[in-house]
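Chain by chain, the residues run as shown.
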Amino acid sequence: MQNRVKPFPTRAAALAQLSAQTWDLVVIGGGISGAGVAQQAARRGWSVLLLEQRDFAWGTSSRSSKLVHGGLRYLKEGDIKTTLHSVRERQRLLHEAPGLVEPQSFLFADCPGRKPGRWLMQTGLVVYDLMAGQRSHFYADLATTQMLAPGLAPPGLRGALVFPDAKTDDARLVWRVLLEAQRDGATLLNYMAVQSLQTANGKVTGVVAQDTLTGEMHTLQARAVVNATGAWSPITASFAGMSPSNARVRPGKGIHVVYDRRLSNYAISASAIDGRQVFLEPWQNMTIVGTTDDDYYGDLDDVRATSEEVRYLVQGVARVFPAIRSARAIGTYAGVRPTLHTFGKYEDDLSRDHKVIDHAPHGAPNVYSMIGGKLASYRLFAEDMVDVLAQRFDLGVHTTTH
């Protein structure tokens, strides 16, 4: 007899059980960070409830550059740890999720005046390869470069460095992680907006959430609450009456321009007029050009590309790939990254490392925020968060009745 997969509960069934138990963990936010925590916690046998106020992956996690990359440019800043973790996680995802996470080769044009220059770039790639445990970059001469990427034509082109990274459908990756969490027992509900935190005897004991489809309010009991709302973290933290600055988020806006056809089979690394890195990337049967990285102070629910930002990207890519100027752009998309707050640093130099914030010193025991991080290393971030919870609440691997 074949084993039958137990069907996932319907939304009505999930809603019916919300108030019937005390959850080990309530996760606020249905992006990649929240999905990762729900997955890791459910694997340990905890009772986990994840709440998202919109569609899963609606925010930053569906508006990325679609790249699962090691962050080669972070080496320039001396951020060895972030690069190492990202490279190793990239390799793991390529192995564990073939078809969803796919290889994507990049070309770095070798031409006069190009920074960081062939030899410095090649040194970085040697380190990149060592981190990945394989030698995979090479130098292509002019003829080979023109064959690989006919549109690559900066003045004085001599050849190109070719190196591997990876890409994914970011929203589909979130959904895969969520489904794995649900398979392991987590309860997932979107269109559930957390309105406030419940407190008793000086501790947070749960949340009050509203079903935005019906308006119904639900009071939920929990041993711990994780704020995994990314750039929205200061807003979520304010539910506990804390200053938003306690969440230490520096929102960084990134925009992308989408073109109607594939202009190159290789991703092209370029530099904008101010020296910051931009790129051209094949995406399905289209092309994506990205990305900006600027401080953002506007409405997080309504992030849009401006004509100046589009011009900045196109000019940067056109310096090495002139054909972009005659290609047909069909749209833009924009998102906000939850980078770690750092005073005085240039946006492009901000760390993509992650940090777990304990809100107990700020009047909200049992509440934690996840700040920073990047798509490639979501699992490590989730493991760090769950390890903190396990130590704080003395939770080991156990079985909970759902």
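See the structure above.
Quick look at the structure, then. (Residues numbered from 1 in each chain as written. Predicted model: local features only at pLDDT ≥ 70, side-chain atom pairs only at ≥ 80, totals over all residues. Heavy atoms only, no water.)

Thoughts on the environment of Gln 221
Threshold: Comment: elements are numbered from the N terminus, with helices defined as DSSP H or I runs of at least four residues and strands as E runs of at least two. Each residue is assigned to one of three classes by its accessible area relative to the maximum for its type, calculated with a 1.4 Å probe on protein chains only: buried under 20%, partly exposed between the two thresholds, exposed over 50%. Every residue pair with non-hydrogen atoms within 4.5 Å of one another is taken to be in contact.
Here Gln 221 is to be found in strand E9 (residues 217-227). Among the residues examined, Gln 221 registers a relative accessible area of 31% and is labelled partly exposed. Sequence separation of Gln 221 and Ser 19 is 202 residues, and the distance between their C-alpha atoms is 7.1 Å. Non-local contacts of Gln 221, meaning those with residues more than four positions away in its chain, are made with Gln 21, Thr 22, Trp 23, Thr 205 and Gly 206.

Some details on the pairing of strand E17 (residues 367-372)
Our working rule: Two strands pair under a simple rule: DSSP has to find at least two bridges between them.
Most of E17 sits out of view: six of its six residues are buried. Two strands pair when backbone bridges link them, and E9 and E17 are joined in this way by three bridges, in the parallel orientation. Paired with Val 225 across the strands is Val 367, a residue of E17. Strand direction decides the pairing type here: strand E16 (residues 354-358) and E17, joined by five bridges, are antiparallel. From the neighbouring strand, His 354 faces E17, where its bridge partner is Gly 372.

Quick word on the environment of Arg 328
The residue Arg 328 is located in the loop between helix H9 (307-318) and strand E15 (329-340) in this model. For the pair formed by Arg 328 and Tyr 259, sequence separation is 69 residues and the distance between their alpha carbons is 5.6 Å. In this structure, Arg 328 is in contact with Val 258, Tyr 259 and Asp 260, ignoring residues within four places of it in sequence.

Concerning the packing of helix H4 (residues 80-96) against helix H5 (residues 118-132)
The criterion, for reference: Note on method: axes are straight lines fitted to C-alpha atoms, helices fitted across the in-contact stretch only, with angles between N-to-C directions ranging 0 to 180 degrees. Working definition: roughly parallel below 35 degrees, roughly antiparallel above 145 degrees, roughly perpendicular at 65 to 115 degrees, and oblique for all remaining angles. In this scheme, a crossing is called left-handed if the near helix is turned counterclockwise away from the far one by less than a right angle; it is called right-handed if the turn is clockwise. Note that Gly is not counted as nonpolar here; it falls among the polar residues with everything else outside the nonpolar set of Ala, Val, Leu, Ile, Met, Phe, Trp, Tyr, Cys and Pro and the charged set of Asp, Glu, Lys and Arg.
The interhelical angle for the contact between H4 and H5, taken along N-to-C directions, is 55°, at an axis separation of 9 Å. In terms of orientation, H4 lies oblique with respect to H5. Crossing of H4 against H5: the hand is right-handed. Mapping the contact onto sequence places Ile 80, Thr 83, Leu 84, Val 87, Arg 88, Arg 90 and Gln 91 in H4 and Tyr 128, Met 131 and Ala 132 in H5. Looking at the contact of H4 with H5 residue by residue, the classes come out as six nonpolar, two polar and two charged.

Quick look at the nonpolar core
In globular proteins that are soluble, nonpolar side chains generally tend to be buried together. Condition: Definition used in this section: a nonpolar core is a set of buried Ala, Val, Leu, Ile, Met, Phe, Trp, Tyr and Cys residues joined via side-chain atoms within 4.5 Å.
Counting 41 residues, the largest nonpolar core has Leu 25, Val 37, Val 48 and Leu 389 as its most contacted members. The dominant element in this core, judged by the number of residues it contributes, is helix H10 (residues 378-393), at eight residues. Look past the residues within four positions of Leu 25 in its chain and what remains in contact with it is Val 37, Ala 41, Ser 47, Val 48, Leu 49, Ala 224, Val 225, Val 226 and Leu 389. Counting 36 residues, the second largest nonpolar core, distinct from the first, contains Leu 148, Trp 232, Phe 321 and Val 336.

Here we look at the environment of Trp 175
Within the element layout of this structure, Trp 175 appears in helix H7 (residues 170-183). Given a relative accessible area of 41%, Trp 175 falls into the partly exposed group. Linking Trp 175 and Phe 56, residues 119 residues apart in sequence, is a C-alpha distance of 7.5 Å.

Quick word on the side chain of Thr 168
Worth spelling out the cut-off: We define a polar contact as two N or O atoms separated by no more than 3.5 Å, with the added condition that, inside protein, one atom must be a possible hydrogen donor and the other a possible acceptor, whereas residues neighbouring each other in sequence contribute only through side-chain atom pairs.
Within the element layout of this structure, Thr 168 appears in strand E5 (residues 159-168). Of the polar contacts made by the side chain of Thr 168, one reaches the backbone oxygen of Leu 100; its length is 2.8 Å.

Thoughts on the packing of aromatic side chains
How we decide: Here is the rule: rings of Phe, Tyr and Trp (six-membered ring for Trp) pair when centre to centre is within 6.5 Å. Planes less than 30 degrees apart are stacked, more than 60 are edge-to-face, and the remainder are tilted. The criterion for a charge sitting over a ring is simple: Lys NZ or Arg CZ within 6 Å of the ring centre, and within 35 degrees of the ring normal.
Under the counting rule described, the total for this entry stands at three aromatic pairs. Plain terms: the ring middles of Trp 58 and Trp 232 are 6.0 Å apart, the flat faces sit at 55° to each other, and that makes the pair tilted. Of this pair, Trp 58 sits in the loop between strand E2 (48-52) and helix H3 (72-76) while Trp 232 sits in the loop between E9 and helix H8 (233-237), placing them 174 residues apart in sequence. Residue class for Trp 58 comes out partly exposed when judged on its relative accessible area of 22%. For Trp 232, a relative accessible area of 13% puts it in the buried group. Here the basic side chain of Arg 54 rests over the ring of Trp 58, its NZ or CZ set 4.1 Å away from the ring centre. A cation over a ring is seen here: Arg 118 above Trp 119, with NZ or CZ 4.3 Å from the ring centre.

A closer look at the packing of helix H2 (residues 32-43) against H7
Between H2 and H7, the shortest axis-to-axis distance is 8 Å and the interhelical angle comes to 25°. As far as their axial angle goes, H7 and H2 are roughly parallel. Like other packed secondary-structure pairs, H2 and H7 cross with a definite hand, here left-handed. Contacts between H2 and H7 involve Ile 32, Ala 35, Gly 36, Ala 38, Gln 39, Ala 42 and Arg 43 on the former and, on the latter, Leu 173, Val 174, Val 177, Leu 178, Glu 180, Ala 181 and Arg 183. Partitioned by chemical class, the residues of the contact of H2 with H7 number nine nonpolar, two polar and three charged.

Re the side chain of Glu 180
Counting through the fold element by element, Glu 180 comes out in helix H7. If sequence neighbours within four positions are ignored, Glu 180 has contacts with Gln 39 and Arg 43.

Considerations on H4
Where we set the bar: One less than the number of residues in a helix, times 1.5 Å, gives the span that helix is expected to have.
With 17 residues, H4 should cover 24 Å at 1.5 Å per step; its first-to-last C-alpha distance of 24 Å lies within 8% of that length. Turning to H4, its buried residues number three or more, namely Thr 82, Thr 83, Ser 86, Val 87, Glu 89, Arg 90, Arg 92 and Leu 93.

Digging into the pattern of salt bridges
When the charged atoms of two side chains with opposite charge come close together, those side chains can pair. Let me state the cut-off plainly: Salt bridges are identified by distance alone: a Lys or Arg side-chain nitrogen within 4 Å of an Asp or Glu carboxyl oxygen.
Tallying each qualifying case throughout the model produces 22 salt bridges. A salt bridge links Arg 183 to Asp 184; the nearest nitrogen and oxygen atoms lie 3.4 Å apart. Taken together, the shared-partner salt bridges in this structure form one network comprising Arg 43, Arg 176, Glu 180, Arg 183 and Asp 184.

As far as function goes, none of this settles anything; it's purely spatial.
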